[in-house]
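For reference, the chains in residue letters:
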Amino acid sequence: MAALWGRPLQEAPQMGHSPSPGKVSDPASIKAAAARVGEQLGGSGLNLLINNAAMLICDTLENETLENMTQVYTTNTVGPLLVGQAFLPLLKKAAQGSPGSALSCSKAAIINMSSIGGSIASLFGFDLMQVVSYRCSKAALNMLTKCQSLGYREHGILCVALHPGWVQTDMGSSAGHTPPVTVEASVRGMLKVLSSLGEKDAGTLLDWEGKVVPW
């Protein structure tokens, strides 16, 4: 079974998951969500956790503030850390109940929805949107994913970061530009990528087409 933590799911229909909406800045809300999912599972484990919650503030280097940096970092980086910790027992249980040792999404996995905007190597779209707090938070999320991949590997849990593309959503269009990727194309691509993930992908950042995104 899969659980998706974050925003309303009408943006990603037919993904076949149990949504767990909650406030990623509230540890109590996160723990309560993990408890609810545990009850729904009825003693079995959780195979796939997708950290989808995120926020973006259209800022620049000149007008960036402490408040914005803190709020965005808390949501985009600290939130996935706390959610992963809270759901870890359920993921461990799924891994222990799966035959074989190979890592995969059908065994147990944490997928962090990241962004090419956090790539230091590419700095994609900086001329269109500086969004400094968002970029910094996603770069940090990529590091968190790498750390999780190393720390949770011994429990049989695969950890990967996914860039869904520049998608035609409220967030993607927030700066006034029309993104090139439709929601349907992004979801179809990511589902295909999820089904193919394995040991070689642990701790990496991939896009919705399965291509490696440089750090």
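Residues numbered from 1 in each chain as written. Predicted model: local features only at pLDDT ≥ 70, side-chain atom pairs only at ≥ 80, totals over all residues. Heavy atoms only, no water.

This brings us to the nonpolar core. Judged by nonpolar contacts, the single largest core of 21 residues is most densely connected at Leu48, Cys105, Ile111, Leu158, Leu162, Leu194 and Leu197. Those elements that provide at least two residues to this core are strand E3 (48–51), strand E4 (109–113), strand E5 (158–163) and helix H4 (183–196). Core analysis: the second largest hydrophobic core is formed by 18 residues, Leu49, Leu90, Leu91 and Cys159 among them. (Core = buried A, V, L, I, M, F, W, Y, C linked by side-chain atoms within 4.5 Å. Buried < 20%, exposed > 50% of the residue type's maximum accessible area, 1.4 Å probe, protein only. Helix = DSSP H or I, 4+ residues; strand = E, 2+ residues; numbered from the N terminus.)

To continue, consider helix H1 (residues 27–41). An ideal rise of 1.5 Å per residue puts 21 Å on 15 residues; H1 measures up with 21 Å between its terminal C-alpha atoms. Within the sequence span of H1, burial applies to Ser29, Ile30, Ala33, Ala34, Val37 and Leu41. The buried residues of H1 occupy an angular sector of 140° when projected down its axis, which confines them to one face. For H1, the exposed residues set more than 90 degrees away from the buried face come down to Ala28, Lys31 and Glu39. Here H1 starts with a cap whose side-chain oxygen sits 3.1 Å from the backbone nitrogen of Ala28, and that cap is Asp26. Gly42 sits one or two positions beyond H1 and adopts a positive phi of about 60°. (Expected span 1.5 Å × (residues − 1). Arc of directions from axis to C-beta. Polar contact = N/O pair within 3.5 Å; in protein donor to acceptor, adjacent residues only side chain to side chain.)

Let's shift gears to the pattern of salt bridges. Counted under the stated rule, the structure contains three salt bridges. A salt bridge links Lys200 to Asp201, with the nearest nitrogen and oxygen atoms 3.2 Å apart. Taking the relative accessible area as the measure of exposure, Lys200 reaches 65% and is therefore exposed. With a closest N to O distance of 3.4 Å, Lys211 and Glu209 form a salt bridge. Judged by its relative accessible area of 49%, Lys211 falls in the partly exposed class. (Salt bridge = Lys/Arg side-chain N within 4 Å of Asp/Glu carboxyl O.)

Bringing unusual backbone geometry into the picture now. Located in the positive-phi region is Val131, a residue other than glycine, with phi close to 30°. Topologically, Val131 is positioned in the loop between E4 and helix H3 (132–152).

Quick look at the confidence of the model for the protein now. When pLDDT is averaged across the protein, the result is 87; 86% of the residues are at 70 or more. Mean pLDDT across the elements of the protein bottoms out in strand E2 (residues 18–19) (56) and peaks in E4 (98). Segment residues 7–16 is flagged for pLDDT under 50; beyond a separation of four residues in sequence, or across chains, it makes 18 contacts in the model. (pLDDT = per-residue confidence, 0-100. Contact = heavy atoms within 4.5 Å.)

Turning our eyes to something else, we now look at the side chain of Asn51. Along the chain, Asn51 falls in strand E3. Residue Asn51 is classed as buried on the basis of its relative accessible area of 4%. Separated by 2.9 Å, the side chains of Asn51 and Asn112 make a polar contact.

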